[in-house]
Amino acid sequence: MTRTASTASPPAPAAGPGPTGKQRSRHRAGACASWRDRPMRKITPWLFLLAPLALLITFTYVPVGNMIYYSFTDWDGISPDRNYVGADNYTEIFTRPELFRVFAVSFYYLAASVVQIVIALYFAAVLSFDLRFRNLFKGILFFPYLINGVAIGFVFLYFFQDGGTLDSVLSWFGVGTDHAWLGTPESANTSMAGVSVWRFTGLNFVLFLGAIQSIPGELYEAAQLDGAGRWKQFRHIIAPSIRPVLSLSVILAISGSLSVFEIPYIMTGGATETSTFVIQTVKFAFQFNKTGLASACAVVLLVIILLITWIQRRLVPDEKVDLV
């Protein structure tokens, strides 16, 4: 009797050891590295920046370049002819002292900027602590900054006019109302500087409040354990921490006082010696049709603001604040 051959298949060879964890990590790292080396990976950030850069160049740098070009011409703003006159516009600016006398008006707004910084810093320090209705007061302080400057100009134009709101309120307290608030240079400039305090205090308040709220709470707790009151907490904790923001507010105050436009233009139109350098520039361009000269004035104002900002940054450089 013959024995049948076995039909069972031979056992499969044992599988070799698979890739280790390190090998898999190297593989993934190599795949990621190859993906990072792809051209699309390198240009992707620039694709996201393309739209904002295009808007920035179109609406900021191109107009500035055109303004500088117009400052070397005698263009009237209407005619297609733009004759190159070299530095004649700048020569006219610096040989006419009356063009720079309007900067005296900026001192009213500079003094008002100091007042609004002090007021904003006070309320930011007070409302940074736990007080009742502090959110309501925050909204009240910031609300004027949200209103359009032209609307504010018209509102306060009726507020300061003869027999207007201010005179009516003062008459309730028996105060004489025969004073023309916008009739004399000193009174008009002081009144409009007060309007700027009311309008821009909210901006400085928000800047200071944001800086104060970024201070770690542990510092206040440690100061309270050491017996420090509110004044010492402000002097040794709050004041050093908001120094960079305070420096920024000073820069904004100086540049803003030099380039005031909306409020005096709406309320007086530059009359009674309330004209600012920007109002004077606008009149050159649209009233006297001297766009080339107006462009030169704008360039001079830009250089003055940049120079003052550079000097301020050199005198009071930013310091790294490390309170922890």
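To be clear, the structure that these remarks concern was listed above.
Figured I'd write up the structure that's included with this text. (Residues numbered from 1 in each chain as written. Predicted model: local features only at pLDDT ≥ 70, side-chain atom pairs only at ≥ 80, totals over all residues. Heavy atoms only, no water.)

### Considering the packing of aromatic side chains
Here comes step 1: Within this structure, the stated rule accounts for 18 aromatic pairs.
Here comes step 2: A ring pair is formed by phenylalanine 72 and tyrosine 84, whose centres lie 6.5 Å apart and whose planes are at 25°; its orientation type is stacked. With phenylalanine 72 in the loop between helix H2 (39–70) and helix H3 (88–94) and tyrosine 84 in the loop between H2 and H3, this residue pair connects regions lying 12 residues apart in the sequence.
Here comes step 3: The exposed category is assigned to tyrosine 84, whose relative accessible area is 63%.
Here comes step 4: Here a set of aromatic residues connected by ring pairs shows up, and it is made of Phe94, Phe100, Phe103 and Phe277. (Phe/Tyr/Trp six-rings, centres within 6.5 Å; stacked < 30°, edge-to-face > 60°. Helix = DSSP H or I, 4+ residues; strand = E, 2+ residues; numbered from the N terminus. Buried < 20%, exposed > 50% of the residue type's maximum accessible area, 1.4 Å probe, protein only.)

### A word on the packing of helix H13 (residues 277–286) against helix H14 (residues 291–315)
What describes two packed helices is the angle between their axes and the distance between those same axes.
Here comes step 1: Contact geometry of H13 with H14 gives a least axis separation of 7 Å together with a crossing angle of 160°. In terms of axis orientation, H13 runs roughly antiparallel to H14. Where H13 crosses over H14, the handedness of that crossing is left-handed. Contact with H13, carried on its side by Phe277, Val278, Thr281, Phe284 and Ala285, involves Thr291, Leu293, Ala294, Cys297, Ala298 and Leu301 of H14 and no other residues of that element.
Here comes step 2: Partitioning the contact of H13 with H14 into residue classes produces 9 nonpolar, 2 polar and no charged. (Axes fitted to C-alpha atoms, helices over the stretch in contact; angles between N-to-C directions. Parallel < 35°, antiparallel > 145°, perpendicular 65-115°, else oblique. Left-handed = near helix turned anticlockwise from the far one by under 90°. Contact = heavy atoms within 4.5 Å. Nonpolar A, V, L, I, M, F, W, Y, C, P; charged D, E, K, R; others polar.)

### Concerning the nonpolar core
Here comes step 1: Phe205, Phe208, Tyr220 and Ile238 are the most contacted members of the largest nonpolar core, which has 24 residues in total.
Here comes step 2: Among the elements that make up this core, the one with the highest residue count is helix H4 (residues 103–127) (6 residues).
Here comes step 3: Leave out the neighbours within four places in its chain, and isoleucine 238 touches Phe129, Ile212, Ile215, Tyr220 and Gln233.
Here comes step 4: Counting 19 residues, the second-largest nonpolar core is a separate cluster that includes Phe277, Phe284, Ala294 and Ile305. (Core = buried A, V, L, I, M, F, W, Y, C linked by side-chain atoms within 4.5 Å.)

### Some details on the side chain of serine 249
Here comes step 1: Summarising the element assignment, serine 249 is placed in helix H11 (residues 243–258).
Here comes step 2: If we ignore the near neighbours within four places in the chain, the residues touching serine 249 are Ile117, Asn204, Leu207 and Phe208.

### So, the packing of H11 against H14
Here comes step 1: Closest axis-to-axis distance for the H11/H14 pair is 10 Å, and the angle between their directions is 155°. As summarised for this structure, H11 and H14 are arranged roughly antiparallel, according to the angle between their axes. Both H11 and H14 take part in a crossing whose hand is right-handed. Judged by residue contacts, Ser247, Val250, Ile251, Ile254, Ser255 and Leu258 of H11 engage Leu301, Ile304, Ile305, Ile308, Thr309, Gln312 and Arg313 from H14.
Here comes step 2: A breakdown of the residues in the contact of H11 with H14 according to their chemical character gives 8 nonpolar, 4 polar and 1 charged.

### Some details on helix H10 (residues 230–241)
Note that an α-helix has 3.6 residues per turn; residues three or four places apart therefore point the same way.
Here comes step 1: Counted at 1.5 Å a residue, the expected span for H10 with its 12 residues is 16 Å, and the 15 Å between its end C-alpha atoms agrees.
Here comes step 2: Within the sequence span of H10, burial applies to Gln233, Phe234, Ile237, Ile238, Pro240 and Ser241.
Here comes step 3: Residues of H10 that are buried make contact with H4, helix H8 (185–213), helix H9 (217–225) and H11. (Expected span 1.5 Å × (residues − 1).)

### As for H8
Here comes step 1: In a regular helix each residue adds 1.5 Å, so 29 residues correspond to 42 Å; H8 covers 41 Å between its end C-alpha atoms and thus fits that length.
Here comes step 2: At phenylalanine 200, H8 shows its largest bend, some 40°. (Bend = angle between axes of the 7 residues up to and from the residue.)

The values reported here are purely geometric and, on their own, carry no functional implication.
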